[in-house]
Amino acid sequence: MSTSPHAFAGKLKNPTVFPVLWAASFCHLLNDMMQALLPAVYPILQGDFELSFMQVGLLTFVYQLTASILQPFIGHYTDRRPMPYSLPFGMAASMAGLLTLAFAPNYGMLLAGGMMLGIGSSIFHPESSRIARLASGGSHGLAQSLFQVGGNFGSALGPLAAALIVLPLGQAGLAWFALVALLGITVLTGLGNWYRRNGHARPSGRKVPERHAWLSRPQVSRAMAILIALLFSKYIYLASLTSYYTFYLMDRFGVSIATAQILQFVFFASVAAGTIAGGPIGDRLGRKPVIWVSILGVLPFTLLLPHAGLAATVILSVVIGLLMSSAFPAIVVYGQELMPGRVGMVSGLFFGFIFGIGGIGAALLGVLADLKGISFVFLVCSCLPVFGILTAWLPDLREPGGR
């Protein structure tokens, strides 16, 4: 029986550096918790500044579009010239954004604070994702899951932190999270030191192929286009939950702001739990089966959610979060395997795309909510996972020419 070059390389791989992975995951938690504070405090900002749903969507659009535009360019640049100490700088940008939001006197300054948060994310994600891959020891799916789960838990903690800290203190309560950013800056400086000491900050003298050895350039381009289409369906749907789930629960079921934020935390926690499984399962069974189940497999549950009662809505949101979240680690690693010489660019492209499409989706869904109501938004979005059928046209990277 023949042995693939990937299997042979696996025998020679370095051990997984778990302290570095956990540190990167922890910083991802801190970063995404700060990012998640913005949508979590939308009800507060809406009351203080009398914002329409369209203005709420525009605030999300400015924040996420800033991140999406910059991330692929930063990843492309650092593929050639790694910049390990850009990580604490990115965290400092996020801290500046939070402080701006905390003391913003008008809507224009809210937009400026959202833009600074976007800049922080655009710097953080490509290089920290590269660190996770470098520390993986060849278990790329596991490493990406561990890295991603930190971000998911951070996103889950954002609404809870808003309910416990920002809601009692008001808008200015956001300033307390500058202390979280300072902690992140300290840890990321240590990760930058590891990066530099182990020689990863120097451009590699070894030529790394820019595309998968078994695939032609058109095949790689087609597969990347399919991955982006899958991310489109996934993150437009998630935009409805991340930006408007609290409003949906308050409008449809009459729950309080605090209860809605706690239920938002439950959803984000399910997303974090699902992320843990996606990468390791992809390492064992292949990325493609994970993508199948996590996108197309969630369709029955999304179709049911707009017609369910409160208890069933909470349960369905947990199932949706568990299944849908397992896709992203598999998609990122699949993309990195398609273009092994462009790890930073692929990571930046995917992270940037999800920020951008999430922002555009939030803005458009906000307009739709103003016109038709928030329940109509969830009804329209329930069909988006049907895009998962495109997975059938992804090549199976485990065997030459396989599907």
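Since the model is a prediction, treat every value here as computed from it, not as a measurement. (Residues numbered from 1 in each chain as written. Predicted model: local features only at pLDDT ≥ 70, side-chain atom pairs only at ≥ 80, totals over all residues. Heavy atoms only, no water.)

Peer 1: Help me out: how do you make sense of the pattern of salt bridges in this one?
Peer 2: Should the charged atoms of two oppositely charged side chains come close, the side chains can pair. Under the defined criterion, the tally for this structure stands at 1 salt bridge. Residues arginine 130 and glutamate 127 are paired through a salt bridge, measuring 3.1 Å at the closest nitrogen-oxygen approach. A residue pair is termed a helical-turn pair when its members lie 3 or 4 positions apart in one helix, as arginine 130 and glutamate 127 do in helix α6 (residues 107-134) at 3 residues. What makes arginine 130 buried here is its relative accessible area of 9%. (Salt bridge = Lys/Arg side-chain N within 4 Å of Asp/Glu carboxyl O. Helix = DSSP H or I, 4+ residues; strand = E, 2+ residues; numbered from the N terminus. Buried < 20%, exposed > 50% of the residue type's maximum accessible area, 1.4 Å probe, protein only.)

Peer 1: I keep staring at the environment of leucine 167 and nothing clicks. Help me out?
Peer 2: Positionally, leucine 167 belongs in helix α7 (residues 140-169). Taking the C-alpha atoms as reference, leucine 167 lies 24 Å from glycine 184; in sequence the two are 17 residues apart. Apart from residues lying up to four places away in sequence, leucine 167 is in contact with Ile44, Ala162, Ile257, Ala258 and Gln261. (Contact = heavy atoms within 4.5 Å.)

Peer 1: How should the packing of aromatic side chains be read in this particular structure?
Peer 2: Ring pairs (aromatic) are described by centroid distance and by the angle formed between their planes. A complete count under the given rule lists 6 aromatic pairs for this structure. Ring centres of phenylalanine 232 and phenylalanine 387 lie 5.9 Å apart, and the angle between their planes is 50°; on these two criteria the pair is classed as tilted. Taken together, the positions of phenylalanine 232 in helix α9 (residues 217-253) and phenylalanine 387 in the segment after α16 (374-381) put the pair 155 residues apart, joining distant regions of the chain. Note on phenylalanine 387: relative accessible area 31%, which makes it partly exposed. An aromatic cluster of three or more residues is present, and its members are Tyr248, Phe253 and Phe378. (Phe/Tyr/Trp six-rings, centres within 6.5 Å; stacked < 30°, edge-to-face > 60°.)

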